Amino acid sequence: MSVHSPSIRAGAAVAVTALLLCTSLATADAAGTAQAASATRAVSSGSWGAVATTRGAAPYGTAPLALTFTALGTDRQYFSVVNTGTLPLIRETFTATTTTGSAAIEACSTTWNESTGSCPSGTITTVTTTGVGPTSFAAPLPTAGSAVRLRARRTSLLQLNLTVTVGVSVDRTQVRMASTTGS
Amino acid sequence: MSTQETRSATRPNRRLLAAFAIGAAGLAITGGGVYAALNATASNTTAQNASSGILSLTMVNVGTGFSQAVSNLAPGDVVNRYVNLTQGAGLDGKDLTLAVADATPTLLTTDATKGLRVKVTQCDGTWTPGTGAGSCDGTTTVLLNNAALSTLTATPASVKAGTNAAGTTLKLQIALTLPDQAETTVNGDAPAGTIQGLSSSLTWTFGETQRTATTTGS
């Protein structure tokens, strides 16, 4: 008898109506979608930078290079500027400072003879000197890890003890030009 | 004495039950007769076919397309990739979108200013991928211009608002670029928050919805 009571019938009717309503609403809101996805592939940015160093291999550190000259020692020391990034460098900016006296940073158009201090069949170019501030110089470093050999030469007349500090910076304009590629 | 009285009291009840039974049977027979009616149906003699449409979108690389990684981007670099996007022969689609997912998020896909950007260009002829900008032998239409991937990873961008008719193919050039930067690296040490030397793993997804539902008759 209780199954057929009017209140329970009404409740059942409401429940059925609600169920039908929900079903119809879900159908109304449903819309077909389609997607087409690519395979996952890496995209990476390059890096640019250079460092002056007397080391023959990485790690080169991130400090400016300090070269100490003694009063009775040589007046020239050789070092490398290494491309520590992944992009080709067209030029770099050099900064040379000294604790006293003066010094010059020089490049050889061929290859230094570091024993004699000569630049065989080439010319010596001043990259920068102490006291002039940052100087942009074209020393192409076309690949990661490529290097150019420079030297620091004490130019003060008095053979003083001094330390020459060489810093190298690279900004975007000194990196290879942007390119458009496709395949 | 008391037993005889009891027997005489039960006899009228059996007669009454029998009377009810006969009455009920009669009522059932006559009631059935009252509710009986003739029925008729009408149906189509040939079964009507009803089928649902299929919404599908397929992407095919043209040249290397998205199958090849992009590496060592310098600021300002543009890398073009080409894909054909074909609407299946079933249903029309509409509202084409492009989304990008990065499995290894970096500033390349999270920084709206320094990060990667994309341009989508449609050719109504055929793209010829090349080592440079590529070429289209028809008319080009820019569908998405310089959108930051940082936005596409969050919300798909509208690429084409109209209908993609079933069976048609969109021939697309996807130009990925790293915006120019003004970073200076000092003694091999890149500045904080650099865009340099980063890598992301990108998945490109075109999406669409079915054409608008219709009510038809004939």
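In the block above lies the structure referred to throughout.
What counts and how
- Residues numbered from 1 in each chain as written.
- Chains lettered and ligands numbered in written order.
- Predicted model: local features only at pLDDT ≥ 70, side-chain atom pairs only at ≥ 80, totals over all residues.
- Heavy atoms only, no water.
- Salt bridge = Lys/Arg side-chain N within 4 Å of Asp/Glu carboxyl O.
- Buried < 20%, exposed > 50% of the residue type's maximum accessible area, 1.4 Å probe, protein only.
- Helix = DSSP H or I, 4+ residues; strand = E, 2+ residues; numbered from the N terminus.
- Phe/Tyr/Trp six-rings, centres within 6.5 Å; stacked < 30°, edge-to-face > 60°.
- Contact = heavy atoms within 4.5 Å.
- Buried area = accessible area lost by both parts, 1.4 Å probe.
- Polar contact = N/O pair within 3.5 Å; in protein donor to acceptor, adjacent residues only side chain to side chain.
- Nonpolar A, V, L, I, M, F, W, Y, C, P; charged D, E, K, R; others polar.

A word on the pattern of salt bridges. Scanning the model with the defined rule gives 7 salt bridges over all chains in all. Note that Asp75 of chain A is salt-bridged to Arg76 of chain A, the shortest N-O span being 3.6 Å. Residue classification places Asp75 of chain A among the partly exposed residues on the basis of a relative accessible area of 26%. Taking the relative accessible area as the measure of exposure, Arg76 of chain A reaches 27% and is therefore partly exposed. A salt bridge links Asp77 of chain B to Arg176 of chain A; the shortest N-O distance between them is 2.6 Å. One end of the pair, Asp77 of chain B, is in the loop between strand 2 (70-73) and strand 3 (78-87); the other, Arg176 of chain A, is in the loop between strand 11 (162-171) and strand 12 (180-182), on a second chain.

Tallying each qualifying case throughout the model produces 4 aromatic pairs over all chains. For the pair Tyr78 of chain A and Trp112 of chain A, a centre-to-centre distance of 5.5 Å together with 70° between the ring planes defines the contact as edge-to-face. Residue Tyr78 of chain A is found in strand 5 (residues 76-83), and its partner Trp112 of chain A is found in the loop between strand 7 (103-108) and strand 8 (124-129); the two are separated by 34 residues along the sequence. For Trp112 of chain A, a relative accessible area of 8% corresponds to the buried category. With centroids separated by 5.1 Å and ring planes inclined at 10°, the aromatic side chains of Phe66 of chain B and Trp204 of chain B adopt a geometry described as stacked. Residue Phe66 of chain B is found in the loop between strand 1 (57-62) and strand 2, and its partner Trp204 of chain B is found in strand 12 (residues 199-210); the two are separated by 138 residues along the sequence. Summarising the burial analysis for this pair, Phe66 of chain B and Trp204 of chain B share the class buried.

Counting from both sides, the interface comprises 61 residues of chain B and, opposite them, 43 residues of chain A. Note on chain B versus chain A: buried area summed over both sides is about 3,900 Å², and carbon and sulfur give 48% of it. Among the residues chain B hides against chain A, the three largest losses belong to Asn72, Asn187 and Gln196 of chain B. Together they make up 17% of the total. In this structure, the connection of chain B to chain A is made through 2 salt bridges. In this structure, Asp180 of chain B engages Arg172 of chain A in a salt bridge whose closest nitrogen and oxygen atoms are separated by 3.4 Å. At the junction of chain B with chain A, the criterion picks out 37 residue pairs in polar contact (both at pLDDT 80 or more). Counting residues per element, the ones that place at least two in the side of chain B that touches chain A are strand 1, strand 2, strand 3, strand 11 (184-186) and strand 12 of chain B. Here the side of chain B that touches chain A takes 12 residues from strand 12 of chain B, the largest share from any one element. Residue classes in the side of chain B that touches chain A are distributed as 26 nonpolar, 29 polar and 6 charged.

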